[in-house]
Amino acid sequence: MAKDMATTLDMATTELREVNSTLQAAAKSKANEQYVITNARGSHAMACGLDGPLNVVVKGSTGYYCAGMNKEATVTVEGSAGPGVAENMMSGVVTIEGDASQYAGATGHGGLLNIKGNASSRCGISMKGIDIVVHGNIGHMSAFMAQKGNLVVLGDAGDALGDSLYEARLFVRGNVKSLGADCIEKEMRPEHLEILKELLEKAGADAKPEEFKRYGSARKLYNFNIDHADEY
């Protein structure tokens, strides 16, 4: 982004409410404007509810729920993000140059969440169509009850990956500490390699699709069956 064309919002002198109001108004105008936020200082709920094409760069790290409910906007955090980044995201692109805390991308319906570092526990919990690419590792219970979308992990995954998931696709290049209830390794077919290739390219990830394993639902827990009672 050309910085000389961007409007700077300095949080050393501008309150969070005013920053968010300015960004939300710009997004609704559909003018595809560019903003740089300085002195973020770990502020919570920054750049939330953006409902239109907008390019936002945050200089520094953010607190919880950054870029929540994002729609169409491109938000880049040049630092790390606290819990719930891109929660309930609908579309657009959210990029975290550092690490993301727990439940990144929770309940996301669409768009791309690109985490250049590691993600903590419950990454992608209850995801509903979002694509999440994590260049590092993810913590325990990631993709818990994940319904739809793709979670791509270039590193390792913690305990109980994909516990009670539905139809989300999980791709992991590294080691998986353990799989959650009803999550199994699945065949990597040509269509999955194509999906993975496209996501890796979008995220600028240095990896080959053939290096990954695919995990998904065994579909044994969709309806109660006494034979599977021990798996609940």
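Before any of the text, the structure's been laid out above.
Below is a short write-up of the structure. Quick caveat: nothing in here was measured; it's all calculated off a predicted structure.

**Considerations on helix α2 (residues 190–203)**
- With 14 residues, α2 should cover 20 Å at 1.5 Å per step; its first-to-last C-alpha distance of 20 Å lies within 8% of that length.
- Considered for burial, the residues of α2 that qualify are His-192, Leu-196, Leu-199, Leu-200 and Ala-203. Mapping the buried residues of α2 onto a view down its axis gives an arc of 100 degrees, with all of them on the same face. α2 presents Pro-190, Glu-201 and Lys-202 as exposed residues on the side facing more than 90 degrees away from its buried surface.
- Buried residues along α2 sit against β6 (112–115), β7 (128–134), β8 (148–153), β9 (169–172) and β11 (213–217).
- Within two residues after α2, Gly-204 carries a phi angle of roughly 65 degrees, on the positive side.

**Looking at a nonpolar patch on the surface**
- Residues Met-145, Tyr-166 and Tyr-222 make up a contiguous nonpolar surface patch of roughly 260 Å² in combined accessible area.
- Inspection of the secondary structure puts Tyr-166 in the loop between β8 and β9.
- Residue classification places Tyr-166 among the partly exposed positions, given a relative accessible area of 35%.

**Remarks on the pattern of salt bridges**
- Following the criterion strictly, the structure yields 9 salt bridges and no others.
- Among the ionic pairs, Lys-177 bridges to Asp-159, the shortest N-O distance being 3.9 Å. Here Asp-159 lies in the loop between β8 and β9 and Lys-177 lies in the loop between β9 and β10 (183–186), a separation of 18 residues in the sequence.
- The class of Asp-159 is partly exposed, set by a relative accessible area of 32%.
- One salt bridge connects Arg-173 with Glu-211, and the closest N-O pair in it is separated by 3.0 Å. Placement of Arg-173 in the loop between β9 and β10 and of Glu-211 in the loop between α2 and β11 is noted, with a sequence separation of 38 residues between them.
- Given the relative accessible area of 33%, Arg-173 is considered partly exposed.
- Glu-211 gets classed as partly exposed once you look at its relative accessible area, which sits at 37%.

**Notes on the packing of aromatic side chains**
- As enumerated under the stated definition, the model contains 2 aromatic pairs in all.
- Taken together, a centroid distance of 5.6 Å and an interplanar angle of 75 degrees make the contact between Tyr-64 and Tyr-65 edge-to-face.
- By relative accessible area, Tyr-65 is classed as partly exposed at 33%.
- For the pair Tyr-65 and Tyr-103, a centre-to-centre distance of 6.4 Å together with 40 degrees between the ring planes defines the contact as tilted. In this pair, Tyr-65 sits in the loop between β3 (55–59) and β4 (74–78) while Tyr-103 sits in the loop between β5 (93–96) and β6, placing the two residues 38 residues apart along the sequence.
- Classification of Tyr-103 as partly exposed rests on a relative accessible area of 25%.
- An aromatic cluster is defined as three or more aromatic residues linked by ring pairs; in this entry it consists of Tyr-64, Tyr-65 and Tyr-103.

**Quick word on the nonpolar core**
- Of all hydrophobic cores here, the largest spans 49 residues; its most connected members are Leu-23, Val-85, Leu-113 and Leu-151.
- When residues no more than four places from it in sequence are discounted, the contact partners of Leu-113 are Val-85, Ala-86, Val-94, Ile-96, Ala-104, Gly-105, Ile-130, Asp-131, Ile-132 and Val-133.
- Formed by 12 residues, the second largest nonpolar core is a distinct cluster that contains Leu-154, Phe-171, Leu-199 and Ala-207.

**Things to note about the pairing of β4**
- Relative to β4, β3 is paired through 5 bridges, and the arrangement is parallel. Opposite Lys-59, over in β4, you have Glu-78 as the bridge partner.
- Looking at chain direction, β4 and β5 are connected through 4 bridges and run parallel. Bridged to Val-77 within β5 is Ile-96.

Cut-offs and rules
Residues numbered from 1 in each chain as written. Predicted model: local features only at pLDDT ≥ 70, side-chain atom pairs only at ≥ 80, totals over all residues. Heavy atoms only, no water. Helix = DSSP H or I, 4+ residues; strand = E, 2+ residues; numbered from the N terminus. Expected span 1.5 Å × (residues − 1). Buried < 20%, exposed > 50% of the residue type's maximum accessible area, 1.4 Å probe, protein only. Arc of directions from axis to C-beta. Contact = heavy atoms within 4.5 Å. Patch = residues over 30% accessible without salt bridge, like charges linked within 9 Å, V, L, I, M, F, W, Y side chains within 5 Å. Areas by Shrake-Rupley, 256 points an atom, 1.4 Å probe, with all protein chains shown as cover. Salt bridge = Lys/Arg side-chain N within 4 Å of Asp/Glu carboxyl O. Phe/Tyr/Trp six-rings, centres within 6.5 Å; stacked < 30°, edge-to-face > 60°. Core = buried A, V, L, I, M, F, W, Y, C linked by side-chain atoms within 4.5 Å. Pairing = 2+ DSSP bridges.

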